[in-house]
Amino acid sequence: MTAYPRLLAPLDLGHVTLPNRVMMGSMHTNLEETGDWNRVAEFYAERARGGVGLMVTGGMAPNREGGVFAGAAGLFTAADIANHQTVTDRVHAAGGLIAMQILHAGRYAYSPECVAPSAIKSPISPFPPHELDEAGIEKQIADIATSAARARAAGYDGIEVMGSEGYFLNQFLVTHTNKRTDRWGGSYDNRMRLPVEVVRRVRAAVGDDFILIYRLSMIDLIPDGSSWDEVVTLAKAVEAAGASILNTGIGWHEARVPTIATSVPRRAFTWVTQKLMGQVAIPVITSNRINSPEVAEAVLADGCADMVSMARPFLADPHFVRKAAAGRAAEIAPCIACNQACLDHTFSGRLTSCLVNPMACHETELRLDPAREPKRIAVVGAGPAGLAAALAADRRGHHVVLFEQDERIGGQLNLACEVPGKEEFHGLIGWFQTMLALSKVDLRLGAEARAADMAGFDEVIIATGVRPRDPGIESDGRAQVISYADLLSGLEEAGPRVAVIGAGGIGFDVAEYLVEAHPSPTLRPADWLKEWGIADPATTRGGLTSPAPEKPARTVTLMQRKPEKPGRGLGKTTGWIHRATLQAKGVEMIGGVTYERIEAAGVRISFGPERENQRLISADTVVVCTGQESERGLADALVEAGVKVHVIGGADIATELDAKRAIDQGTRLAARL
Ligand code: NAP
Ligand code: SF4
């Protein structure tokens with residue numbers, strides 16, 4: 001008997017039966033843009049082998065003007081059909097089903113050719129769109145229908161029409177972006193004419209025996225968004241026009257409410273999809289922050305949807321479903337929703353991958369094949385770099401001894417999971433523990449490795465991490481000055497007024513730790529919704545109301561020397577959330593400071609080369625978050641003794657230290673040994 005009876009139940013769509021209720025949601029990986037379709041095919045085939053019921057590709061442009069950026073992949077020509085056929089053939093050979101998403105970006109397109117219902121520039125693209133005339137609208141509909149027909153010719157099992165997230169079709173639906181006075185604007189019947197017509201024409205183009213998913217924005221999270229009545233009206237109209245499945249979209253891209261970041265509670269929005277259940281006869285899919293089979297099963301058991309869509313979890317572990325079905329859920333590499341290697345890459349034009357699984361989107365070039373000759377490998381340090389290297393080397397058949405001086409594994413990950421809204425890091429440490437227990441790695445906790453212990457190994461990997469940097473600021477010795485590590489690990493407690501020195505990723509994390517209540521709102525979904533001003537779309541248009549942040553737990557000042565706004569170097573897709581959170585809690589963020597000295601009453605700072613405008617930042621506690629230095633004592637001793645070592649992670653480069661680089665570097669090294 002499986003623990004996930006609903007999740008693993010087949011879903012009969014009439015002409016085809018999906019093997020389970022799990023869909024891999026659409027993600028733009030930038031793989032198609034490499035032009036290496038073998039690589040694209042292998043990405044999807046690996047996920048098909050992992051047992052997912054249905055996959056949806058990244059968004060494909062129906063025409064040039066609809067592409068997310070100039071040169072975005074699409075399905076325009078006969079040559080494109082052949083490329084896509086490589087993917088569908090490989091997926092079908094692996095026993096999978098795959099639908100292609102058709103994504104018309106409208107005014108979100110990063111291109112001077114972009115088009116929209118009205119000429120209103122979006123806040124997330126510098127290009128004002130061209131307002132379409134009647135013929136222009138007809139061209140867009142025809143191009144989308146033609147793309148759908150080409151998708152069928154390329155062997156796809158279906159298509160998803162992207163109607164949410166504020167893209168083209170969504171832009172027609174709301175008065176926020178549609179100011180037209182012709183038959184495509186004005187009344188709701190007119191505003192929904194385009195999406196409904198698109199579905200009708202697509203269905204006519206592909207025939208009845210083809211999956212047609214419509215992704216519908218169920219809560220826009222923007223001013224003047226759709227009302228719930230409009231959402232239901234559209235759902236019914238889209239069903240009548242020929243959709244076979246409705247998928248859920250949550251929030252427009254321009255919404256100032258987080259919808260998928262790690263600080264968003266798990267399944268935070270499934271209650272929205274649930275409101276649509278019973279209103280239509282076709283299956284309904286829910287999504288957003290569902291990252292384990294337990295959560296997915298609970299969503300279905302609660303009647304929130306007929307099927308669950310997960311996207312990033314399939315980057316973290318392509319074999320999610322197969323492992324769940326085999327009773328091995330603890331072995332599923334967890335998506336921690338960090339966005340660091342996926343969306344942050346996608347939105348900076350880089351190839352997508354995954355922090356916990358660097359093989360994602362690198363299936364053809366980063367492989368952990370059995371080693372020709374098993375070696376004895378010592379790994380020193382069980383932080384993310386050492387753990388990744390040890391497990392990857394073990395998987396290849398090497399004999400690995402992993403030394404860790406602490407009594408527990410995880411290194412800096414143990415600090416990260418103490419930060420409010422970063423609780424998912426607990427799952428990552430738990431996964432490393434499970435995988436170590438299942439491996440042959442000889443883990444030696446509480447073992448401080450010395451140079452002499454390295455004798456007899458064929459390879460020595462040093463992953464000894466970092467120590468907090470002492471910025472050497474003058475102090476009269478009377479203030480409580482602590483490091484971020486002592487604070488987050490619970491060794492020290494901060495007073496009611498805190499000055500944080502250093503506003504990098506950890507300075508921001510520390511500030512959040514200091515102002516948030518514990519447990520954090522991420523673990524209290526109802527309170528989290530209130531903090532961000534998310535309401536029932538049935539009571540307020542777009543589901544948006546006034547945010548009601550909780551009272552800050554402390555008064556915090558966050559400082560840096562760089563004369564710019566603190567937080568500019570944070571993650572591309574998540575930095576704004578950290579900045580907004582601290583703003584809402586009244587944290588003063590100051591750039592361009594010179595630290596004069598630390599006094600009993602706080603931190604004395606000044607500004608500019610003349611060290612003007614001296615000011616005392618009153619504080620009971622000063623927390624130092626000024627970066628790290630590599631811990632290389634053992635590495636240096638070994639090198640001096642003539643031993644060849646591989647230095648990885650923070651021990652290699654302390655600046656820009658992060659788990660993404662550490663895990664990637666450890667895995668790639670082990671793949672070469
Ligand atoms: P960091 O990003 O390098 O920031 C260090 C901070 O200390 C900067 O604000 C720097 O700014 C200041 N600083 C450096 N040397 C100083 C000195 N001698 N005196 C005074 N101030 C000094 O390091 P981190 O915050 O420790 O983060 C480490 C890494 O962890 C990051 O690179 C990041 O990849 C990762 N991380 C990311 C996140 C996230 O994105 N949310 C969260 C946590 C950790 P000034 O030089 O301008 O003063
Ligand atoms: Fe999930 Fe982070 Fe991997 Fe993206 S990079 S798939 S958010 S774990």
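Fair warning: this is a prediction, and the values are worked out from it, not measured in the lab.

About the thresholds
- Residues numbered from 1 in each chain as written.
- Chains lettered and ligands numbered in written order.
- Predicted model: local features only at pLDDT ≥ 70, side-chain atom pairs only at ≥ 80, totals over all residues.
- Heavy atoms only, no water.
- Core = buried A, V, L, I, M, F, W, Y, C linked by side-chain atoms within 4.5 Å.
- Buried < 20%, exposed > 50% of the residue type's maximum accessible area, 1.4 Å probe, protein only.
- Domains from an automatic or database assignment.
- Pairing = 2+ DSSP bridges.
- Helix = DSSP H or I, 4+ residues; strand = E, 2+ residues; numbered from the N terminus.
- Contact = heavy atoms within 4.5 Å.
- Axes fitted to C-alpha atoms, helices over the stretch in contact; angles between N-to-C directions.
- Polar contact = N/O pair within 3.5 Å; in protein donor to acceptor, adjacent residues only side chain to side chain.
- Near = heavy atom within 4 Å.
- Nonpolar A, V, L, I, M, F, W, Y, C, P; charged D, E, K, R; others polar.
- Areas by Shrake-Rupley, 256 points an atom, 1.4 Å probe, with all protein chains shown as cover.
- Phe/Tyr/Trp six-rings, centres within 6.5 Å; stacked < 30°, edge-to-face > 60°.
- Lys NZ or Arg CZ within 6 Å of the ring centre and 35° of its normal.
- Salt bridge = Lys/Arg side-chain N within 4 Å of Asp/Glu carboxyl O.

How should I be thinking about the nonpolar core in this particular structure?
Side chains of nonpolar character tend, in soluble globular proteins, to be buried together. Within the largest apolar cluster, 157 residues are counted, with the highest numbers of intra-cluster contacts made by Tyr-214 and Phe-269. Viewed by domain, this core spans two of them, domain 1 (11-302) and domain 2 (376-468 + 629-672), each represented by three or more residues. Of all hydrophobic cores here, the second largest spans 24 residues; its members include Leu-488, Val-515, Leu-558 and Cys-625.

Would you mind going over the sheet that holds strand 14 (residues 399-404) with me for this structure?
Pairing between the strands of a sheet comes from backbone hydrogen bonds, and it takes one of two forms, parallel or antiparallel. In spatial order, the strands read 15-14-13-16-27; together these five strands make up an open sheet with parallel pairing. Single-partner strands in this sheet number two, and they are strand 15 (442-445) and strand 27 (646-647). As paired strands, strand 16 (residues 459-462) and strand 27 are joined by two bridges and run parallel to one another. In the sheet register, Ile-461 faces strand 27, and the bridge partner there is His-646.

Looking at this model, I keep getting lost on the sheet that holds strand 8 (residues 158-163). Mind explaining?
Read from one edge to the other, the open sheet built from eight strands follows the order 10-9-8-5-4-3-12-11, with strand pairing classed as parallel. The open sheet terminates on both sides in strands that have one partner only, identified here as strand 10 (245-250) and strand 11 (285-286). The pairing of strand 5 (residues 98-102) with strand 8 spans four bridges and is parallel. Bridge pairing links Ala-99 to Gly-158 in strand 8. Lying over the sheet, helix 2 (residues 78-93) contacts strand 4 (54-60) and strand 5, oriented at roughly 150 degrees with respect to strand 5. Lying over the sheet, helix 7 (residues 228-241) contacts strand 9 (211-219) and strand 10, oriented at roughly 175 degrees with respect to strand 9.

How do you make sense of the side chain of Thr-346 when you look at a structure like this?
By secondary structure assignment, the location of Thr-346 is in helix 12 (residues 343-346). A polar contact is formed between the side chain of Thr-346 and the side chain of Thr-352, at a distance of 2.8 Å. If we ignore the near neighbours within four places in the chain, the residues touching Thr-346 are His-28, Asn-30 and Thr-352.

Is there a simple way to think about the site of ligand 2 in this case?
Every residue near ligand 2 is listed here: Arg-312, Leu-315, Cys-335, Ile-336, Ala-337, Cys-338, Asn-339, Ala-341, Cys-342, Cys-354 and Leu-355. Taken together, the residues of the shell around ligand 2 break down into nine nonpolar, one polar and one charged.

I'm lost on the site of ligand 1 in this one. Help?
Close to ligand 1 lie 23 residues; Ala-503, Ile-506, Arg-561, Lys-562 and Gln-628 are nearest. Between ligand 1 and Arg-469, the relevant distance is 3.2 Å, taken from a nitrogen atom to a side-chain nitrogen or oxygen of the residue. Here an oxygen atom of ligand 1 sits 3.4 Å away from a polar atom, N or O, in the main chain of Cys-625. When ligand 1 sits alone it has 900 Å² of accessible area, and the protein chains cover 81% of it. Here the shell around ligand 1 gets four residues from one element, more than from any other, and that element is helix 17 (residues 505-515). When grouped by side-chain class, the residues that make up the shell around ligand 1 number seven nonpolar, nine polar and seven charged. When residues of the shell around ligand 1 are assigned to domains, at least three fall in each of domain 2 (376-468 + 629-672) and domain 3 (480-516 + 552-626).

Any chance you could explain the packing of aromatic side chains here in plain terms?
What characterises a pair of aromatic rings is the spacing of the ring centres plus the angle enclosed by the ring planes. All told, the structure shown has nine aromatic pairs when counted by the stated rule. Seen in terms of ring centroids, Tyr-108 and Tyr-167 are 5.5 Å apart; in terms of plane orientation they differ by 80 degrees. Their pairing is edge-to-face. Of this pair, Tyr-108 sits in the loop between strand 5 and strand 6 (115-116) while Tyr-167 sits in the loop between strand 8 and helix 4 (168-173), and the two are 59 residues apart along the sequence. When sorted by exposure, Tyr-108 lands in the same class as Tyr-167, which is buried. Between the NZ or CZ atom of Arg-256 and the centre of the ring of Trp-576, over which it lies, the distance is 4.2 Å. Cation over ring: Lys-275 sits above Trp-228, and NZ or CZ is 5.3 Å from the ring centre.

Could you clarify how one ought to interpret the pattern of salt bridges in this entry?
Oppositely charged side chains can pair when the atoms bearing their charge come close. As enumerated under the stated definition, the model contains 47 salt bridges in all. The shortest N-O distance in the salt bridge between Arg-6 and Glu-297 comes to 3.2 Å. Here the residue Arg-6 occupies a position in the segment before strand 1 (11-12), and Glu-297 occupies one in helix 9 (residues 293-301), the gap between them amounting to 291 residues. A relative accessible area of 42% means that Arg-6 is categorised as partly exposed. Relative accessible area serves as the criterion here: at 7%, Glu-297 is assigned to the buried category. For Glu-550, the salt bridge identified is with Arg-524, shortest N-O distance 2.7 Å. Of the two residues, Glu-550 is situated in the loop between helix 18 (525-532) and strand 20 (555-559) and Arg-524 in the loop between helix 17 and helix 18; the sequence distance between them amounts to 26 residues. The structure contains a network of salt bridges with shared partners spanning Arg-39, Glu-365, Asp-664 and Arg-668.

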